[in-house]
Amino acid sequence: MSLLEVNDVNKAFGGLKALNHINLSVKEGSVHAIIGPNGAGKSTLLNCLIGRLIPDSGTVTFGGRSLIGVRPYEINQIGVSRVFQTPEIFGELSLIDNVMIPSLAHRDGTFKLNPWHRMDGEAEIRDHAMSNLADVGLAEKSEIIADSLSRGDKRRLELAMCLSQDPKLLLLDEPTAGMARHDTNRTIDLLKEISERRGQTMVVIEHDMHVVFSLAHYVTVMAQGGVIVEDRPENIKGNPKVQEAYLGGAHL
Amino acid sequence: MMNFLDKDNLQSDIVLIVIFTIAILTMPIWLQPFGAAYPDLMQKFAIFGIFATGFNILFGLTGYLSFGHAAFLGVGSYTAVWSFKLLGMNPLPALVLAVIAAGIFALAIGYLSLRRTGIYFSILTLAFAQMSYNLAYSVLTPITNGETGLRVLRSDPRIFDGNGSETGPLVANLFGIEMTGLSGFYFCAVVLILVSWFAIMIFRSPFGLMLKAVKTNQNRMGYTGLNTRPYALAAFIISGMYAGLAGALMCITDPLAGAERMQWTASGEVVLMTILGGAGTLMGPMLGAGLIKYFENIFSSFNESTLESVFHFLPEGMREAAISVAGLFVGEGWHLTLGLMFMIVVIFLPGGIIEGLRRLAKAVFGRKRADDTPQRGGDTAPTGH
Ligand SMILES: Nc1ncnc2c1ncn2[C@@H]1O[C@H](COP(=O)(O)OP(=O)(O)OP(=O)(O)O)[C@@H](O)[C@H]1O
Ligand SMILES: [Mg+2]
């Protein structure tokens, strides 16, 4: 059964057709990779899923509910969390605060006026956040200010923030960019584990083919705003259309 | 000693509030060597401490810089005087009504102004405050009594005041205690302690954490499932209520409200107090308020003859020169001194006086905690934007 259904979505910036009749169907429990050259429209597609952009036409449904025109915070509340291509974190706050905020949002909803509660009384939220930080290997840095992290660490922090919400759909925009090989492998292992253990549904945009082929159940290839192929990873490698449009075969 | 300011568990907060309470209540004693132990001046410290503490909840936590908070001060004052006029001289209903009125006013102005961020937000708040100021002088004169100012008259109904009060003095009166002199100060001091305690609670709460998130990254907040607007609006209303409370307290000893209280200079002053003390820190804004009011009191009271005695030791010609230069910075020219102080702090101590104290404490107590380089909170200077 498909959790996310994108139907004939178009989006233009001025004269540039960033998304051209896009269709995408993400099955519940699957890891769906989107690959394609720079400027193919991958991030734009994710922007249309989380309410950052509104498509010019077409439909996006999540668990049977239309996401068109729904506010970003509502889309998150119904179970969609995203790791961005350029990290979006709370830079002036500590890592633990960074993870507790999404966790509180998940528990308390879009707004809660509770100045009479104390953060140090939120033991459950704190423990949960610590275990999420431990999962991405940042537990010992929990009291550090997020802005001082390296780019790869910021991305891992953002992943921990998303995981703390236990999302129905996890969107990852180049989750391993800027990471050392060691951390990339570690992140792949983590994503694989949550995919297998919790059956986490994910959409992963990735340039690193090693990551794509070790994680994905399905691969969608985009170029110039359109979908070229959608198939299982093992069939993608040999597909001549992909080789031509995407890489000239170099990386595959 | 400053270390407890960096921790945020319940015990250290209780220690903080106990020390703070003692410090406030003993002001008449320890301010004596500074020549600042007059009830009048101490009452001012408390009132502006409340104003700045509230302002800090908005500016320090969410980063929204309002240039119109004096409007809420004015609303608080007018409401309090009306409460005296209609209900009687008891300050408690006056405070409650002032807080409610300022809150409603803040809801309206905040709702409109918070549609924009950054400099546009600041300009909007400034515009609304100037509008309120002008309205108070023009169409609203039936309520504000225009340029003369609103005051309590013998002929006012004051329905809950007993018969005997008709000939008594027209100052606020808390169940028989007149709000003048030390009792006026202590009343304001108790209010200050209560609302500071509430401010600490906000800082330590999940709600306070969300306000810090508003300052840091509103985009991320949205994609994290949080609606930023009501958080910012709630902070705006709470800080407006603090301002209204301060405005009402300004009327307890001298029940008079004038529109000049809403002028933009008054809005600017609370910004200076907050930044000078340390925006986003718990005690900084109050410290800034106290220091500015203290120096205002000293410098603005200087005149020719006091300067003459200060520079008495200099030889003839130099004395005149020194007096004429120093004369620029005192009396009417005290704002020049304030401007200099402000520049020095902003340039050399962007975290404000609290940041300075922290550095001092670190230098004195050395590196006891070797691992304390990039700890949470304290060590990053709050960036004011
Ligand atoms: N907000 C915007 N306004 C104008 N043009 C945009 C905007 N966002 C994206 N574009 C353009 O749309 C096209 C697709 O961009 P997008 O970021 O979706 O590509 P991408 O596939 O994510 O590429 P990359 O691999 O470099 O991240 C690009 O040409 C980009 O310049
Ligand atoms: Mg992209």
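Structure shown above.
Residues numbered from 1 in each chain as written. Chains lettered and ligands numbered in written order. Predicted model: local features only at pLDDT ≥ 70, side-chain atom pairs only at ≥ 80, totals over all residues. Heavy atoms only, no water.

**Q** I'd love a proper account of the side chain of T220(A), names of residues and values included.
**A** Residue and element names in this part refer to chain A. Residue position: T220 is located in strand β9 (residues 218-223). A polar side-chain atom of T220 sits 2.7 Å from a polar atom in the side chain of H32. Once you skip the residues sitting within four places of it in the chain, T220 turns out to touch L24, H32, A33, I34, I35, V227, V229 and E230. (Helix = DSSP H or I, 4+ residues; strand = E, 2+ residues; numbered from the N terminus. Polar contact = N/O pair within 3.5 Å; in protein donor to acceptor, adjacent residues only side chain to side chain. Contact = heavy atoms within 4.5 Å.)

**Q** Give me the lowdown on the packing of aromatic side chains, citing residues and values where you can.
**A** Residue and element names in this part refer to chain B. With the rule as written, the count across this model stands at 13 aromatic pairs over all chains. The interplanar angle of 55° and the centroid separation of 6.5 Å between the aromatic rings of F48 and F51 together place this pair among those described as tilted. Within this pair, F48 and its partner F51 are both found in helix α3 (residues 39-62), separated by three residues, close to a single helical turn. For F48, a relative accessible area of 10% corresponds to the buried category. Overall, F51 belongs to the buried group, its relative accessible area being 1%. Stacked on the ring of W82, the Lys or Arg K85 has its end atom at 5.4 Å from the ring centre. (Phe/Tyr/Trp six-rings, centres within 6.5 Å; stacked < 30°, edge-to-face > 60°. Buried < 20%, exposed > 50% of the residue type's maximum accessible area, 1.4 Å probe, protein only. Lys NZ or Arg CZ within 6 Å of the ring centre and 35° of its normal.)

**Q** Which residues make up the coordination of the magnesium ion (ligand 2), and what are the values?
**A** At the metal site, the magnesium ion (ligand 2) is ligated by S43(A) (OG) and Q85(A) (OE1), and these contacts range over 1.9 to 2.1 Å. Linking S43(A) in helix α1 (residues 42-49) with Q85(A) in the loop between β6 (80-83) and α3 (95-108), this pair joins segments that are 42 residues apart in sequence. (Donors = N, O, S within 2.8 Å, 3.2 Å for Na, K, Ca; no water.)

**Q** Account for the pairing of strand β7 (residues 169-173) of chain A, with residues named and values stated.
**A** Residues and elements named next belong to chain A. With respect to burial, β7 is a largely interior element, five of its five residues being buried. Here β7 shows no split at all, with L169, L171 and D173 on one side and L170 and L172 on the other all buried. Note that β6 and β7 share four bridges and pair parallel. Following the sheet pairing, V80 is matched in β7 by L169. As paired strands, β7 and strand β8 (residues 201-205) are joined by five bridges and run parallel to one another. Directly across from D173, in β8, lies its bridge partner I205. Crossover β7 to β8 through helix α6 (residues 181-198) is right-handed. (Pairing = 2+ DSSP bridges. Right-handed = clockwise from strand over helix to strand, strands pointing away.)

**Q** I'd love a proper account of the nonpolar core, names of residues and values included.
**A** L157(A), L159(A), I50(B), F84(B) and L249(B) are the most contacted members of the largest nonpolar core, which has 140 residues in total. The leading source of residues in this core is helix α11 (residues 228-253) of chain B, at 17 residues. Ignoring sequence-local partners within four residues, the contact set of L249(B) consists of Q43(B), I47(B), I50(B), L95(B), F187(B), C188(B) and V191(B). Formed by 29 residues, the second largest nonpolar core is a distinct cluster that contains V9(A), V60(A), I205(A) and M222(A). (Core = buried A, V, L, I, M, F, W, Y, C linked by side-chain atoms within 4.5 Å.)

**Q** Go over a positive patch on the surface, please, and point to the residues and values.
**A** Taken together, the side chains of R71(A), R115(B), R116(B) and R229(B) present a region of like positive charge at the surface. Within the element layout of this structure, R115(B) appears in the loop between α5 (91-113) and α6 (118-137). For R115(B), a relative accessible area of 41% corresponds to the partly exposed category. (Patch = residues over 30% accessible without salt bridge, like charges linked within 9 Å, V, L, I, M, F, W, Y side chains within 5 Å. Areas by Shrake-Rupley, 256 points an atom, 1.4 Å probe, with all protein chains shown as cover. Salt bridge = Lys/Arg side-chain N within 4 Å of Asp/Glu carboxyl O. Lys, Arg positive; Asp, Glu negative; His and termini not counted. Charge placed at Lys NZ, Arg CZ, Asp CG, Glu CD.)

**Q** Lay out the interface of chain A and chain B with the relevant residues and their values.
**A** Residue-level contacts link 43 residues of chain A with 37 residues of chain B. Here chain A is connected to chain B by two salt bridges. Between R220(B) and E158(A) there is a salt bridge, and its shortest N-O distance comes to 2.5 Å. Our enumeration of links across chain A and chain B arrives at 18 residue pairs in polar contact (both at pLDDT 80 or more). Broken down by secondary-structure element, the contributors of at least two residues to the side of chain A that touches chain B are α2 (72-77), β6, α3 and α5 (151-163) of chain A. For the side of chain A that touches chain B, the class distribution of residues is 22 nonpolar, nine polar and twelve charged. (Nonpolar A, V, L, I, M, F, W, Y, C, P; charged D, E, K, R; others polar.)

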